[in-house]
Amino acid sequence: VRLWRRAPDPEARRFVLDHPTEAIRLARGKPEAATDARLGAHGEEVRASLGIMRRAALRLVRRLRDGVGEVPREGLPLLREAHRTASTDCTAALTELTHWLTTRELGHER
């Protein structure tokens, strides 16, 4: 119930209801037991990285919705710079993955 209440949006609440065991595992940060044979070790690493990005995003949304509290004015540039670099790096990673997936789905491996 606590996970459902803390979910940042309807999609996350739906995930908690549809996949309660997985939601609890993700919330506790427990790794999956085995490598999925369909992915292999490197594919599993990519999937795990995406899971980490997603969990970090959900934690950030929850913190912002629950309230950040008072941040001294001199701290705002630090948050702005962290936002800029995270936005750039995460967007670049997801763009690269999109390209990689698309080339393989179309049969144009590099």
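Residues numbered from 1 in each chain as written. Predicted model: local features only at pLDDT ≥ 70, side-chain atom pairs only at ≥ 80, totals over all residues. Heavy atoms only, no water.

**Let's talk about the pattern of salt bridges**
Here is step 1 of the chain: According to the stated counting rule, one finds 4 salt bridges in the structure shown.
Here is step 2 of the chain: Glu-22 is the salt-bridge partner of Arg-25, the closest N and O atoms lying 2.7 Å from each other. With Arg-25 and Glu-22 both in helix H3 (residues 20–28) and 3 residues apart, the pair spans about one turn of that helix.
Here is step 3 of the chain: Of the residues examined, Glu-22 reaches a relative accessible area of 28% and is grouped as partly exposed.
Here is step 4 of the chain: For Glu-81, the salt bridge is made with Arg-84, and the minimal N-O distance between the two is 2.7 Å. In this pair, Glu-81 and Arg-84 are both assigned in helix H5 (residues 76–105), 3 residues apart and thus about one turn of the helix distant. (Salt bridge = Lys/Arg side-chain N within 4 Å of Asp/Glu carboxyl O. Helix = DSSP H or I, 4+ residues; strand = E, 2+ residues; numbered from the N terminus. Buried < 20%, exposed > 50% of the residue type's maximum accessible area, 1.4 Å probe, protein only.)

**Thoughts on H3**
Because each turn of an α-helix spans 3.6 residues, side chains separated by three or four positions end up pointing in the same direction.
Here is step 1 of the chain: By the burial criterion, the buried members of H3 are Ala-23, Arg-25 and Leu-26. Buried residues in H3, looked at end-on, bunch into an arc of 165°, giving them a common side. Exposed side of H3, more than 90 degrees from the buried face: Thr-21, Ala-27 and Arg-28 are the residues found there.
Here is step 2 of the chain: In this fold, the buried residues of H3 make contact with helix H1 (2–6), helix H2 (10–18) and helix H4 (40–66).
Here is step 3 of the chain: Directly after H3, the chain includes Gly-29, whose backbone phi takes a positive value near 75°. (Arc of directions from axis to C-beta. Contact = heavy atoms within 4.5 Å.)

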